[in-house]
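Residues per chain, in single letters:
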Amino acid sequence: QVQLVESGGGLVQAGGSLRLSCTASGRTITYYAMGWFRQAPGKDREFVALISWSGDNTYYADSVKGRFTISRDNAKNTVYLQMNSLKPEDTAVYYCAARDFDCSGGHGCFAYEEYDFWGQGTQVTVSS
């Protein structure tokens, strides 16, 4: 199995930036698509961003498109989520997830139920 650990969350003002990191252990992430999801208390977990095995394909939720960037560094076994122009509605626990699938086409890789492994989450709070 692969273990995922998120870091980089915190408290920022609206308009600020954060970079989340997800470091894997146990297995290389080379052949895993990697995704970020988020969940606010009392709300459903929602898709944020996806990057395919190769890193050549990325997908974003409409709510974060143009503001967030997902990337991967396989040499460091790490996936990142750069978050810019943060809004109060971005406040949530952010989870890193891995799926043993290419996901280059995106289809079938936007639902949390499809993923195989999850991190513990990191809290992001954006104040107004």
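Please refer to the structure higher up on the page.
Here we summarise the structure given alongside this text. (Residues numbered from 1 in each chain as written. Predicted model: local features only at pLDDT ≥ 70, side-chain atom pairs only at ≥ 80, totals over all residues. Heavy atoms only, no water.)

### Looking at the overall build of the chain
- When you go through the chain residue by residue, the secondary structure sums to 0 helices and 11 strands.
- The N-to-C order of helical and strand elements in the chain reads β-β-β-β-β-β-β-β-β-β-β.
- If you line up the chain on its principal axes, its C-alpha atoms span 40 × 25 × 25 Å.
- Contacts spanning at least 24 positions in sequence make up 61% of the contacts within the chain whose residues lie at least 6 apart.
- Here the chain contributes 11 positively and 13 negatively charged side chains, and the mean placements of these two sets differ by 5 Å. (Helix = DSSP H or I, 4+ residues; strand = E, 2+ residues; numbered from the N terminus. Contact = heavy atoms within 4.5 Å. Lys, Arg positive; Asp, Glu negative; His and termini not counted. Charge placed at Lys NZ, Arg CZ, Asp CG, Glu CD.)

### With respect to the pattern of salt bridges
- For the structure shown, the criterion picks out 5 salt bridges.
- A salt bridge links Asp62 to Lys65, with the nearest nitrogen and oxygen atoms 3.3 Å apart. Taken as a pair, Asp62 and Lys65 share a single burial class, namely exposed. (Salt bridge = Lys/Arg side-chain N within 4 Å of Asp/Glu carboxyl O. Buried < 20%, exposed > 50% of the residue type's maximum accessible area, 1.4 Å probe, protein only.)

### Side note on the state of the cysteines
- For the structure shown, the criterion picks out 2 disulfides.
- Each sulfur of the disulfide joining Cys22 and Cys96 lies 2.1 Å from the other. Between Cys22 and Cys96, the disulfide has an S-S torsion of -75° and is therefore left-handed. Of this pair, Cys22 sits in strand β3 (residues 18-25) while Cys96 sits in strand β9 (residues 92-99), placing them 74 residues apart in sequence. For the residue pair Cys22 and Cys96, the accessibility class agrees, reading buried in each case.
- Between the sulfur of Cys103 and that of Cys109 lies a disulfide, 1.9 Å long from S to S. Handedness of the Cys103-Cys109 disulfide follows from its S-S torsion of about -85°: it is left-handed. (Disulfide = S-S within 2.5 Å.)

### With respect to unusual backbone geometry
- A positive phi angle, close to 55°, is found at Asn77, a residue other than glycine.
- With respect to the element layout, Asn77 can be found in the loop between β7 (68-73) and β8 (78-83).
- Since its relative accessible area comes to 14%, Asn77 is described here as buried.
- One non-glycine residue, Ser85, adopts positive backbone phi at about 50°.
- Along the chain, the position of Ser85 falls in the loop between β8 and β9.

### Details of the packing of aromatic side chains
- Within this structure, the stated rule accounts for 10 aromatic pairs.
- Note on Tyr95 and Trp118: the rings are 6.4 Å apart at their centroids and 80° apart in plane angle, and the pair reads as edge-to-face. Of this pair, Tyr95 sits in strand β9 while Trp118 sits in strand β10 (residues 117-118); the two residues are 23 residues apart in sequence, bridging distant segments of the chain.
- On the numbers, 6.4 Å between centres and 70° between planes, the contact of Tyr112 with Trp118 is edge-to-face.
- On the basis of relative accessible area, Trp118 is assigned to the partly exposed category, the value being 26%.
- Among the aromatic side chains, those forming a connected cluster through ring pairs are Phe37, Phe47, Tyr59, Tyr95, Phe110, Tyr112, Tyr115 and Trp118.
- In this structure, Arg45 is placed above the aromatic ring of Trp118, and the distance from its NZ or CZ to the ring centre is 4.8 Å.
- The cationic tip of Arg99 hangs over the ring face of Phe101; the distance from NZ or CZ to the ring centre is 4.5 Å. (Phe/Tyr/Trp six-rings, centres within 6.5 Å; stacked < 30°, edge-to-face > 60°. Lys NZ or Arg CZ within 6 Å of the ring centre and 35° of its normal.)

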